[in-house]
Amino acid sequence: MPLFRRRSGEEGAQDRAGWRGFGLGRRGAGSGAQTGGGEPRLDPAYGDDAVRLMLRQAAAGDWAAVRPALAAADGGELSFLVGAMSELPRVEQWTARALAETPDDTLLLVLSGARHVVWGWEARTGAWAKDVTEERWKLFHRRLDTAEEQLLEVAEREPSWHVPWSFLQRGALGASLGPDVAACRYEAALRRAPGHVGTHRVRLQQLSAKWGGSHEEMHGFARATMLAAPEGSPLGELVALAHLEHWLALPDGEDHAYLTSPAVVSGLQEAAFRSVLHPDFTPARGWQASFNAFAMAFSLAGQPKTARLLFDALDGCVTSAPWHYLAGEPVKAFRAHRDRCAASWR
């Protein structure tokens, strides 16, 4: 089955997509344009040299170098930095040693708790629940138990912090603590950072069919959140993610028909023009994640012109999600879709 399906009735809608929402000129526009952007790469620092340095220091276990930057970060920045460092291998080792010496260091404790959530999911792997071994389930829950203890302690010590609740959301999802706990933790995170995209992404997962919700709940949440947010908010990304989750749940054939249907294409366009392609959109830390989500959704939906705008703005910056839903490595999937969308203009 072809990856893209062109329909003559949709060309006008694609042509309405512009660069205005990202403050870019019409670089590369036209039927003979070459693909814009550098070599695709996964960059957890999102092109920020200061963050890249911090990640190197964290990977080396240099807490004395990392701590001042974390201490100076505000709520959203702290959540981003802790989240980036929590993805690093072996952080759980040196944070455990450091906590044995300084158990009252709350920044150290929240980093350890966040890492244990990510480390737990690494033990579980990305396999379907039925394919996860009993040994891995035990390891998964043991690590999540440690995370719960540490993050709840952080939340008690620093009641205004968003970051412990963000990771407690993810822990509740993995530990299957139920819809009431999930909703409570979502609301706690939301009160501390109402526009935080990551908080809403986890809630979308909680409401998805694969985690005990339904397509209707998931789509309803995504659309209501988008409409409640100011125009130009990145929260329109939730609509794209919801359609990708729905697509993922469908069998071969039905998935392609779903994403390329006029209703879904129209919904994606509405969401993009209200968010990342809106004139009031202002790039903030991690904006590339929203662009990757929309680029993948439009590419799969057979909308190469709109996808091309997003790919060009990304300049090769790949985020693992949602490209990990496709076969192969995220960078390879990103490159294949970007190049196909560019070729459609030649």
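Please refer to the structure higher up on the page.
Remember, predicted model here, so these are calculated numbers, not experimental data.

A. Quick look at the overall build of the chain. Within the chain, the secondary structure is distributed over 18 helices and two strands. Burial status across the chain gives 54% buried among its 346 residues. Long-range pairs, those at least 24 residues apart, make up 69% of the contacts in the chain between residues at least 6 apart in sequence. Accessible surface for the chain amounts to roughly 15,400 Å². Of this, 54% is attributable to carbon and sulfur atoms.

B. Region of the structure containing helix H11 (residues 215-228). Between the first and last C-alpha of H11 there are 20 Å, a value that for 14 residues agrees with the 20 Å anticipated at 1.5 Å per step. Where H11 is concerned, the buried positions are Met218, Phe221, Ala222, Thr225 and Met226. Projected down its long axis, H11 shows its buried positions confined to an angular sector of 125 degrees, all on one face. Across H11 from its buried face, at more than 90 degrees, point the exposed residues Glu216 and Ala228. Structurally, H11 contributes buried residues whose contacts are with helix H9 (179-192), helix H10 (197-207), helix H12 (237-249) and helix H14 (262-274).

C. Expanded view of the packing of aromatic side chains. Applying the stated criterion to the full structure yields eleven aromatic pairs. Each residue in the set Trp121, Phe140 and Trp211 is aromatic and connected to the rest through ring pairs, giving one cluster. If you follow Arg143 out to its NZ or CZ, it ends over the ring of Trp119, 3.6 Å from the centre.

D. Main features of the pattern of salt bridges. Taken as a whole and judged by the stated rule, the model has 16 salt bridges. Taking the shortest distance from any N to any O, the salt bridge between Asp43 and Arg52 comes out at 2.8 Å. You can call Asp43 buried: its relative accessible area is 12%. For the salt bridge of Glu122 with Arg115, the shortest nitrogen-to-oxygen distance reads 3.1 Å. Look at Glu122 and you get partly exposed, because its relative accessible area is 38%.

E. Highlighting the environment of Lys210. With respect to the helices and strands, the residue Lys210 is situated in the loop between H10 and H11. On a C-alpha basis, the gap between Lys210 and His246 in space is 9.7 Å, while along the polypeptide they are 36 residues apart. Aside from chain neighbours lying at most four places away, what touches Lys210 is Gln205, Glu245, Leu248 and Tyr325. Within the structure, Lys210 has its side chain in polar contact with the side chain of Glu245 (distance 3.1 Å).

F. Representation of the side chain of Glu245 in the model. Here Glu245 shows up in helix H12. Residue Glu245 is classed as buried on the basis of its relative accessible area, which comes to 7%. A polar atom in the side chain of Glu245 sits 2.6 Å from the side chain of Gln205. When residues no more than four places from it in sequence are discounted, the contact partners of Glu245 are Gln205, Lys210, Met218 and Tyr325.

G. The packing of helix H16 (residues 304-314) against helix H18 (residues 330-343), seen in detail. Contact geometry of H16 with H18 gives a least axis separation of 9 Å together with a crossing angle of 125 degrees. Relative to H18, the element H16 is oriented oblique. For the element pair H16 and H18, the recorded crossing hand is left-handed. Between H16, through Pro304, Ala307, Arg308, Phe311 and Leu314, and H18, the contact on the second element is made entirely by Phe334, His337, Arg338, Cys341 and Ala342. Across the contact of H16 with H18, the residue classes break down as seven nonpolar, one polar and two charged.

H. Up close: helix H3 (residues 63-72). Here H3 has its buried residues at Trp63, Val66 and Leu70. In a view along the axis of H3, the buried residues occupy a sector of 70 degrees, so they form one face of it. Exposed residues pointing more than 90 degrees away from the buried face of H3 are listed as Ala64, Pro68 and Ala72.

Rules used throughout
- Within each chain, residues carry numbers counting from 1 in the order of the written sequence.
- Given that this is a predicted model, residues contribute local features only at a pLDDT of at least 70 and side-chain atom pairs are listed and counted only at 80 or more, while totals for whole chains, interfaces and linings are drawn from all residues.
- Heavy atoms throughout the structure, all of them, feed into the side-chain values; hydrogens and water do not.
- Every helix listed is a DSSP run of H or I at least four residues long, and every strand listed is a run of E at least two residues long, numbered separately from the N terminus.
- Burial classes follow relative accessibility: with a 1.4 Å probe on protein chains only, a residue under 20% of its type's maximum area counts as buried, one over 50% as exposed, and anything between as partly exposed.
- The contact definition used throughout considers only heavy atoms, calling two residues in contact when any of these lie within 4.5 Å.
- Methods summary: accessible areas were calculated by the Shrake-Rupley approach with a probe of 1.4 Å, and residue burial reflects only the protein chains presented.
- Expected helix span is given by 1.5 Å per residue-to-residue step, counting one fewer step than there are residues.
- This arc corresponds to the set of directions leading from the helix axis out to the C-beta atoms.
- Centres within 6.5 Å make a pair out of two Phe, Tyr or Trp rings, where for Trp the six-membered ring is used; the pair is then stacked when the planes are under 30 degrees apart, edge-to-face when over 60, and tilted otherwise.
- Placement of a positive charge over a ring is assigned whenever Lys NZ or Arg CZ falls within 6 Å of the ring centre and within 35 degrees of the normal to the ring plane.
- By convention in these notes, a salt bridge is any Lys or Arg side-chain nitrogen within 4 Å of a carboxyl oxygen on Asp or Glu.
- Polar contacts, as used here, are pairs of N or O atoms within 3.5 Å; protein pairs need one atom able to donate a hydrogen and one able to accept it. Residues neighboring in sequence count only if both atoms are side-chain atoms.
- Lines are fitted to the C-alpha atoms to define the axes, a helix being fitted only along its stretch in contact, and any angle between axes, read from their N-to-C directions, falls within 0 to 180 degrees.
- Roughly parallel means an angle under 35 degrees; roughly antiparallel means over 145; roughly perpendicular covers 65 to 115; every other angle is labelled oblique.
- Crossing chirality is assigned from the near helix's rotation relative to the far helix, an anticlockwise turn below a right angle marking it left-handed and a clockwise turn marking it right-handed.
- Residues were grouped as follows: Ala, Val, Leu, Ile, Met, Phe, Trp, Tyr, Cys and Pro as nonpolar; Asp, Glu, Lys and Arg as charged; and all remaining residues, including Gly, as polar.

So far we have only geometry, and geometry alone does not tell us how the molecule works.
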